[in-house]
Amino acid sequence: MDLLNEAEAALRPPNESSAEVPNGAAGHYLLGLIYRYTDRRQNAIHHFNQALSMDPLLWAAYEELCILGAAEEATSVFSEGASLCIEKQYMHDALSSKSSQASSDDHIVVPNRSLGVEDVSPRQLKDMHGYDVRDISRNYHGAASNQPLNGGPATFSFYNTPSPMATQSQLSGVAPPPICRNAQLNGPNLRAFGADSSPRSVVNSAVPGPRRKFVDEGKLRKVSERLFSDSRQRRSMRLGGESLVNTNSSASVASGNGTNHSSKYLGGPKSSSVVSRSVTIRKGQSWASENSDEGTHYDIYDDSRLDITTSSSSPRGDARSLEQEGAARPSGPVVVSGSRVAAGASEILGLLMILGEGYRLSCLYRCQDALDTYIKLPKKHYNTGWVLSQVGKAYFEMVDYMEADSAFSLARLASPYSLEGMDIHSTVLYHLKEDMKLSYLAQELISTDRLAPQSWCAMGNCYSLQKDHETALKNFQRAVQLNSRFAYAHTLCGHEYVALEDFENGIKSYRSALQIDSRHYNAWHGLGMVYLRQEKFEFSEHHFRLAFQINPRSSVIMSYLGTALHTLKKNKEALEMMERAILADKKNPLPLYQKANILVSMENFEGALAVLEELKEFAPRESSIYALMGRIYKRCNMYDKAMLHFGLALDLKPSATDVAVIKAAIEKLHVPDELEDEDAL
């Protein structure tokens, strides 16, 4: 809701500044996010570090520290100390679960099963009367019905709707709750335990419970016929181990809704056979039914499976199967040995160490080091969508667009519905001028998630490649509208404003991006470009330097910083910066060209020509190279070579502005440079 002040007050009340942050590591993480969003960097770093110290597996906190550029090396964060912390937390949780287990050992848990009088031996029935019976729903929701099961008044609410509130310890190692609510034992008759000659249990409809959702009678009849058409004994196939029934005696005594459908659904006469039902369906849904003869209500609780079992057996066989089932099931949560916990913690921390170090290096724009780190991952982890998208981002920052496209394409195959890094992928395709691929990607992302900013960034890049800057701007603004904290969308808006020569709004967009993320170097670079075009060279140098401090390995930033220094007549410093840019990326022609320009201004014509001859090997069809060579030959009074290179420049079809400049130079080919300067004045 973007109510950051209220969120901060909830986590740290103003009058209780020394109070402990609630909810441990998660609370510190949320507080760190608040401080980051409100531009309190040091406080944010402190709370993210606190969250990591409390929970070394809280990856999101380390990720935020990497984004802020303040993360320690992953080897020190996910170290032996972190492993000991995890083991300590596990032992504490295990002891807590054991203590809570011990407190419920004196009670018999009643599973969801209907029994006839023949199904329970006299001794078991006697034992049952002697104990308090606790409803299974207590295990899931903490609401227990501890009422004596005797022949007294029918006050035992056997299937109560429990409270939805539960603690973590109550949710571990327990059975699913029963399938019916508001069913009561008929006190004097005890029909649920077969006191009547017919083993039928009565569902008391006098106390109707609230139902959440119903199906009509026709649908119910179809479901019932399908579920109870098989009279053969089937085992209940449990898919998970989270539902464990606690037993205290040699037999687990069960009760349930118990309506006998043997004659109705199984096609035979009434007998002592019992239909046992156990229904568990996905949490948060309801399924109720109405039969013409009797009402059977199915309440859906917490599990993702529908499990219906029917059985027909002798009473003694049923009791024996109950005893075997009770003996086979564990009586509490499974406790893993300390050595296994240590081994598991060591393995997961080793994985996080590689992932964390790679992400940290990537955020510091040490892209080659990050790639070398990611390659250490096992193949099954490397070929995941998140890792491949990080690899693509690293190649993008290294201006290796072909490799970046390949990595992003693999990431899309691995995780087709993940939009992680797809905004960068669209920019890669923009630089490669792959208009068909970019259009396809944009349509795919829009169909995947129309409310994701990455989708609209891709669509905006598609229009920008077609030179439709106004429509591109609308798409980028839509991305900002969907997520105002998406810094890259603000930067792309700034690029389109600059393309439309609306420098004022362009500056506003770049500044909005920097308010969200002060380390977003693209926005600093964009501001530098605006001031360079406005010939505010000092401002331009300042912003290029800030971008360079964040990303000191970008050849493009170094090239433009050198250009700004050259315009300020700082030729020596500019030349050094160009040399660094060339070493950073030898495939980038821009620093070579700017170096030649600086050498020309320093009247080092031979050096400039040597650089341009080298540059021709990288960009043989770049008209500006031949135009600059023509100017050099003219100043050296080599008019024939100058005319030749001016002609070559025109043959390569430069822009209209460059054509006018080249033609003017040809017309003044024999005019001395001094006279040209006077005419210009």
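What counts and how
- Residues numbered from 1 in each chain as written.
- Predicted model: local features only at pLDDT ≥ 70, side-chain atom pairs only at ≥ 80, totals over all residues.
- Heavy atoms only, no water.
- Helix = DSSP H or I, 4+ residues; strand = E, 2+ residues; numbered from the N terminus.
- Buried < 20%, exposed > 50% of the residue type's maximum accessible area, 1.4 Å probe, protein only.
- Contact = heavy atoms within 4.5 Å.
- Areas by Shrake-Rupley, 256 points an atom, 1.4 Å probe, with all protein chains shown as cover.
- Phe/Tyr/Trp six-rings, centres within 6.5 Å; stacked < 30°, edge-to-face > 60°.
- Lys NZ or Arg CZ within 6 Å of the ring centre and 35° of its normal.
- UniProt positions renumbered as here; feature names shortened; annotations may be inferred.
- Core = buried A, V, L, I, M, F, W, Y, C linked by side-chain atoms within 4.5 Å.
- Arc of directions from axis to C-beta.
- Polar contact = N/O pair within 3.5 Å; in protein donor to acceptor, adjacent residues only side chain to side chain.
- Salt bridge = Lys/Arg side-chain N within 4 Å of Asp/Glu carboxyl O.
- Axes fitted to C-alpha atoms, helices over the stretch in contact; angles between N-to-C directions.
- Parallel < 35°, antiparallel > 145°, perpendicular 65-115°, else oblique.
- Nonpolar A, V, L, I, M, F, W, Y, C, P; charged D, E, K, R; others polar.
- Expected span 1.5 Å × (residues − 1).
- Left-handed = near helix turned anticlockwise from the far one by under 90°.
- pLDDT = per-residue confidence, 0-100.
- Disulfide = S-S within 2.5 Å.

## What to know about the overall build of the chain
Right, so step 1: In terms of helices and strands, the chain carries 32 helices and 5 strands.
Right, so step 2: The buried share among the 681 residues of the chain stands at 47%.
Right, so step 3: Residue pairs at least 24 apart in sequence account for 60% of intrachain contacts in the chain once pairs closer than 6 positions are excluded.
Right, so step 4: Carbon and sulfur atoms make up 52% of the accessible area of the chain, which amounts to about 35,300 Å² in all.

## Structural notes on the packing of aromatic side chains
One pair of aromatic rings is described through two measures. These are the centre distance and the angle between the planes.
Right, so step 1: Counting across every chain of the model gives 10 aromatic pairs.
Right, so step 2: Considering the side-chain rings of tyrosine 29 and phenylalanine 48, the 5.8 Å spacing of their centres and the 50 degrees angle between planes classify their relative orientation as tilted. Taken together, the residues span a long stretch of sequence, with tyrosine 29 in helix H2 (residues 24–37) and phenylalanine 48 in helix H3 (residues 41–54) at a distance of 19 residues.
Right, so step 3: Classification of phenylalanine 48 as buried rests on a relative accessible area of 0%.
Right, so step 4: Taken together through their ring pairs, the aromatic side chains of Trp59, Tyr62, Phe78, Tyr359 and Trp386 make up a single cluster.
Right, so step 5: The residue whose ring lies beneath arginine 485 is tyrosine 37, and the NZ or CZ to ring-centre distance is 4.1 Å.

## Notes on the UniProt feature "repeat: TPR" (unreviewed entry) in the chain
Right, so step 1: Mapped onto the present numbering, the UniProt feature "repeat: TPR" (unreviewed entry) falls on residues 25–58, 453–486, 487–520, 521–554 and 623–656.
Right, so step 2: Secondary structure content for residues 487–520 is 79% helix and 0% strand, while the C-alpha to C-alpha distance between its ends is 8 Å.
Right, so step 3: End C-alpha atoms of residues 623–656 are separated by 12 Å, and the span's content is 79% helix alongside 0% strand.

## A look at the nonpolar core
One broad rule of soluble globular proteins: the nonpolar side chains tend to lie buried together.
Right, so step 1: Judged by nonpolar contacts, the single largest core of 58 residues is most densely connected at Leu527, Leu612, Leu628 and Ile632.
Right, so step 2: Not counting the four nearest positions on each side in its chain, isoleucine 632 is found in contact with Val600, Phe605, Ala608, Leu609 and Leu612.
Right, so step 3: Listed in part, the 47 residues of the second largest apolar core include Ile34, Trp59, Val77 and Tyr382.

## Describing helix H13 (residues 367–374)
Right, so step 1: Of the residues making up H13, those classed as buried are Cys367, Ala370, Leu371, Thr373 and Tyr374. Seen along its axis, H13 keeps its buried residues to an arc of 160 degrees; they face one direction.
Right, so step 2: Looking at the buried residues of H13, the elements they touch are helix H12 (338–363), helix H14 (379–382) and helix H15 (385–397).

## Points about the environment of valine 341
Right, so step 1: Secondary-structure assignment places valine 341 in helix H12.
Right, so step 2: Using a relative accessible area of 14% as the deciding quantity, one classes valine 341 as buried.
Right, so step 3: Sequence spacing of valine 341 and methionine 91 is 250 residues, and the spatial spacing of their C-alpha atoms is 9.4 Å.

## Quick look at the side chain of serine 555
Right, so step 1: Looking at the secondary structure, you find serine 555 in helix H25 (residues 555–567).
Right, so step 2: Serine 555 sits in the buried class, given a relative accessible area of 4%.
Right, so step 3: Only 3.0 Å separates the side chain of serine 555 from the side chain of asparagine 588, close enough to count as a polar contact.

## With respect to the pattern of salt bridges
Right, so step 1: Enumeration over the complete set of coordinates arrives at 15 salt bridges.
Right, so step 2: Between glutamate 444 and arginine 412 there is a salt bridge; the shortest N-O distance is 4.0 Å. Highlighted residues: glutamate 444 in helix H18 (residues 435–448) and arginine 412 in helix H16 (residues 401–414), separated in sequence by 32 residues.
Right, so step 3: For glutamate 444, a relative accessible area of 28% translates into the label partly exposed.
Right, so step 4: Across the pair arginine 635 and glutamate 603 runs a salt bridge whose closest N-O atoms are separated by 3.9 Å. Residue arginine 635 is located in helix H29 (residues 623–635), and its partner glutamate 603 is located in the loop between helix H27 (589–601) and helix H28 (605–618); the two are separated by 32 residues in the primary sequence.
Right, so step 5: By relative accessible area, which is 36% here, arginine 635 ends up partly exposed.
Right, so step 6: Overlapping salt bridges, with partners in common, bring together Glu541, Arg545, Lys570 and Glu573 in one network.

## Overview of the packing of helix H19 (residues 453–465) against helix H20 (residues 469–482)
Right, so step 1: Put simply, H19 and H20 touch, their axes get as near as 8 Å, and they point 170 degrees apart. Judged by the inter-axis angle, H19 sits roughly antiparallel to H20. Of the residues in H20, those touching H19 at Pro453, Trp456, Cys457, Met459, Gly460, Asn461, Tyr463 and Ser464 are His469, Thr471, Ala472, Asn475, Phe476, Arg478, Ala479 and Leu482.
Right, so step 2: Looking at the contact of H19 with H20, its residues break down into 9 nonpolar, 6 polar and 1 charged.

## A closer look at unusual backbone geometry
Right, so step 1: A positive phi angle, close to 65 degrees, is found at lysine 467, a residue other than glycine.
Right, so step 2: Note that lysine 467 resides in the loop between H19 and H20.
Right, so step 3: When its relative accessible area of 64% is taken as the criterion, lysine 467 is described as exposed.
Right, so step 4: Phi at lysine 569 is positive, roughly 65 degrees, even though this residue is not glycine.
Right, so step 5: Looking at the secondary structure, you find lysine 569 in the loop between H25 and helix H26 (571–584).

## Structural notes on the environment of glutamine 466
Right, so step 1: Positionally, glutamine 466 belongs in the loop between H19 and H20.
Right, so step 2: Overall, glutamine 466 belongs to the partly exposed group, its relative accessible area being 48%.
Right, so step 3: As a C-alpha pair, glutamine 466 and tyrosine 430 span 36 residues in sequence and 9.8 Å in three-dimensional space.

## Regarding helix H23 (residues 521–533)
Right, so step 1: The end-to-end C-alpha distance of H23, which contains 13 residues, comes to 19 Å, matching closely the 18 Å that a straight helix rising 1.5 Å per residue would cover.
Right, so step 2: In terms of burial, H23 is largely enclosed, as 11 of its 13 residues are buried.
Right, so step 3: Taken together, the buried positions of H23 are occupied by Tyr521, Asn522, Ala523, Trp524, His525, Gly526, Leu527, Gly528, Val530, Tyr531 and Leu532.
Right, so step 4: Summarising the contacts, the buried residues of H23 are in contact with H15, helix H21 (487–499), helix H22 (503–516), helix H24 (537–550) and H25.
Right, so step 5: Immediately downstream of H23, the backbone of glutamate 535 shows phi near 60 degrees, a positive value.

## Here we look at the packing of H21 against H22
Right, so step 1: Contact geometry for H21 and H22: axes closest at 8 Å, N-to-C directions at 165 degrees. As judged from the angle between their axes, H21 and H22 are roughly antiparallel. Between H21 and H22 the crossing geometry is left-handed. On the side of H21, the interface is formed by Ala487, His490, Thr491, Cys493, Gly494, His495, Tyr497 and Val498, while H22 contributes Phe503, Asn505, Gly506, Ser509, Tyr510, Ser512, Ala513 and Ile516.
Right, so step 2: Residues that form the contact of H21 with H22 fall into these classes: 8 nonpolar, 8 polar and no charged.

## Side note on the confidence of the model for the chain
Right, so step 1: Per-residue confidence for the chain gives a mean pLDDT of 73, with 62% of residues at or over 70.
Right, so step 2: For the stretch residues 106–323, pLDDT sits under 50, and the model shows 384 contacts to residues farther than four places along the chain or on other chains.

## Points about the state of the cysteines
Right, so step 1: For the structure shown, the criterion picks out 0 disulfides.
Right, so step 2: For cysteine 66, which is in no disulfide, the shortest distance to another cysteine sulfur is to cysteine 363 and amounts to 5.2 Å.
Right, so step 3: The buried category is assigned to cysteine 66, whose relative accessible area is 2%.

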